[in-house]
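Structural features, examined
These are the residues of each chain, in order.
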Amino acid sequence: VFLETDISLSLATFGLSVPAKQTSRFRNLLGKERLLKRPNVNPVQVSEHAPDRRILLISVEYTSLSELLSAMPVESTSIIKDAIDTSEVEVIQPYEVNVPYDALTMQECLRQVIPLAEVKDDDLQGSFELVGRVAHVNLRDALLPYKRAYGKVLADKNPRVEIVVNKTSATKNEFRVFPMEVIHGPPCINEDDGKLSLVTEVKQGHFKYQLDYARVYWNSRLEREHARLCETHFLREPKRGGQVVLADLYCGIGPFVVPAASSDGTKGGCNCLVYANDLNPDSVKWLKENLRRNKCSSNVAEASVDDAVLYARKLVRRGIRFDHAVMNLPALAVDHLVPAFQGILNFDELATDAGSEVSQVATAAWDGWQDDPPWIHCYCFVRGKTSSGGLGDGTGKAAAAREVEHVRDAKRLVMHRLCIG
């Protein structure tokens, strides 16, 4: 891509040469705010020509001695002027500071590789989502010819990053996994199927998760939301008593399931009984691993691979009563809401559709549900000022709509809390 030795920056400033034994005194007189401030660059340099002297590098904000002194307290200015007059202090101007690759910012490095005419400075800020050791970026078209250089510099400037991936097009598949390419890092091909594999580990709160970022959905920005839902809703004991029962219809690798199922209250566990489901077999595979790693498998009744709409109705038919249902698939959850839950607790219709025996089992399990109805937590994208997200009628009554995340422009992620009934 490029040689690091070819990337450096020369800063033109000036310095004050002072006796080595007086370094602290003059440094305090100047004040740290007036010294050169650069990561990995010491503002106190040993003089090449006089080892018994030190050069105090002045901030590039000041272009001359007079400008520097005018910004200092009168008493300090007087002392430094006297020291210059007696030759105790010498002004070294100009003074060139060579800043090597390791000490440059990401933007400064990329600016030397990418022509200004092609890419603006604002596009070189280096924003990314960190997923364990993997950094996910969304490069604009102008940066694509320089994607390898971009990936290398990003990884070099962020010690936790080993692999950099770029999203190549919009997310269109039902598993919420976006198409990506590796623009920096070691080969990441699974030997069994020859496909991209990015196994990494993330931590949220007291819980650790493993996942294959190339094959499952993950959003690091929702950490607080995962904890908030558990703290606010899943710790409340149902009116009928016993454990809270949660149905997570798009469970992914378990960011809601693990804290909900954990019985360790010191870690934020809610000790819920959980029924988990996801259409992506890879997600369920990693969910099971994360349940094992976080020691909460015993509170997860099942981890199913099924269609979310069918799964919700199957739970009722099997006589499984849940207190909360989480629908965290923002792009499609609204479309699934009505098919999944409209009329789900109409047991007369259930008897007609599935037979009296199934209806009797469900009716017994859901006895008295009108006084203790289940809640749906449905996440969806909305645009503009509306908060409805296109929620249909007939499922239940909306109790609250809360913005979770501002995605971009006018697009927001909103969570709707609805009560069936």
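See the structure shown above.
Summary of the structure given here.

About the thresholds
Residues numbered from 1 in each chain as written. Predicted model: local features only at pLDDT ≥ 70, side-chain atom pairs only at ≥ 80, totals over all residues. Heavy atoms only, no water. Salt bridge = Lys/Arg side-chain N within 4 Å of Asp/Glu carboxyl O. Helix = DSSP H or I, 4+ residues; strand = E, 2+ residues; numbered from the N terminus. Buried < 20%, exposed > 50% of the residue type's maximum accessible area, 1.4 Å probe, protein only. Contact = heavy atoms within 4.5 Å. Pairing = 2+ DSSP bridges. Axes fitted to C-alpha atoms, helices over the stretch in contact; angles between N-to-C directions. Core = buried A, V, L, I, M, F, W, Y, C linked by side-chain atoms within 4.5 Å. Parallel < 35°, antiparallel > 145°, perpendicular 65-115°, else oblique. Left-handed = near helix turned anticlockwise from the far one by under 90°. Nonpolar A, V, L, I, M, F, W, Y, C, P; charged D, E, K, R; others polar.

Focus: the pattern of salt bridges
Per the stated rule, a full pass over the model turns up 21 salt bridges. Here R25 and E88 are joined by a salt bridge, their closest N and O atoms 3.7 Å apart. Taken together, the residues R25 in helix α1 (residues 23-30) and E88 in the loop between α3 (74-85) and β4 (90-100) connect sequence positions 63 residues apart. Assessed through its relative accessible area of 37%, R25 is described here as partly exposed. Under the relative-accessibility criterion, E88 is labelled partly exposed at 27%. For the salt bridge of R293 with E201, the shortest nitrogen-to-oxygen distance reads 2.3 Å. Of this pair, R293 sits in helix α8 (residues 281-293) while E201 sits in strand β9 (residues 199-204), and the two are 92 residues apart along the sequence. Through salt bridges that share partners, E4, K152 and D156 make up one connected network.

Points about the environment of K147
Position of K147 relative to the elements: it lies in helix α5 (residues 147-157). Filtering out sequence-adjacent residues up to four positions away, K147 remains in contact with L139, E181 and I183.

Some details on the side chain of N328
Residue position: N328 is located in the loop between β14 (324-327) and α10 (333-341). You can call N328 buried: its relative accessible area is 5%. Those residues in contact with N328 that sit more than four places away from it in its chain are R176, L222, Y250, F256 and Y379.

Things to note about the side chain of S197
Relative to the helices and strands, S197 is located in the loop between β8 (180-184) and β9. The buried category is assigned to S197, whose relative accessible area is 14%. Excluding residues that lie within four positions of it along the chain, S197 makes contacts with C188, N190, D212, A214 and R215.

What about the sheet that holds strand β3 (residues 53-57)?
What links the strands of a sheet is backbone hydrogen bonding, and the strands pair in either a parallel or an antiparallel sense. Taken in spatial order, the four strands make up an open sheet running β2-β3-β1-β4, and their pairing is antiparallel. Looking along the sheet, the strands with just one partner apiece sit at the ends: β2 (44-46) and β4. Ignoring strand direction, the axes of neighbouring strands in this sheet form an average angle of 40 degrees. Note: strand β1 (residues 8-19) against β3, five bridges, orientation antiparallel.

So, the sheet that holds strand β6 (residues 134-137)
A sheet is described by the order of its strands in space; here four strands give the open sequence β5-β6-β7-β8, paired in mixed fashion. Both edges of this open sheet fall to β5 (129-131) and β8, since each of them pairs with a single strand only. The sheet shows a mean angle of 30 degrees between the axes of neighbouring strands, taken without regard to direction. Running at roughly 65 degrees to β8, α5 makes contact with β6, β7 (163-167) and β8 of the sheet.

What about the nonpolar core?
Ranked by size, the top nonpolar core spans 42 residues in total, and within it L198, L211, Y213, W218, F234, V257 and V274 carry the most contacts. Counting only elements with at least two residues in this core, the list comes to β7, β10 (207-212), α6 (223-234), α7 (257-261), β12 (273-277), α8 and β17 (411-420). The biggest single contributor to this core is α7, with four residues. Excluding anything up to four places from it in sequence, L198 contacts V134, I163, V165, M180, V182, C188, L211, D212, Y213 and A214. By size, the runner-up hydrophobic cluster in this structure holds 32 residues, among which are L57, A103, A135 and L154.

What to know about the packing of helix α9 (residues 308-317) against α10
For the pair α9 and α10, the least separation of the axes is 8 Å and the interaxial angle reads 30 degrees. Put simply, α9 runs roughly parallel to α10. The handedness of the crossing between α9 and α10 is right-handed. Note on element contacts: α10 touches α9 through H336, V338, P339, A340 and F341, opposite V309, A312 and R313. For the contact of α9 with α10, a count of residues per class yields six nonpolar, one polar and one charged.

Remarks on the environment of M415
Considering the arrangement of structural elements, one finds M415 in strand β17. For the pair M415 and I58, spaced 357 residues apart in the sequence, the C-alpha separation amounts to 52 Å. When residues no more than four places from it in sequence are discounted, the contact partners of M415 are E225, R228, L229, H377, C378, Y379, A400, A401, R402 and V404.

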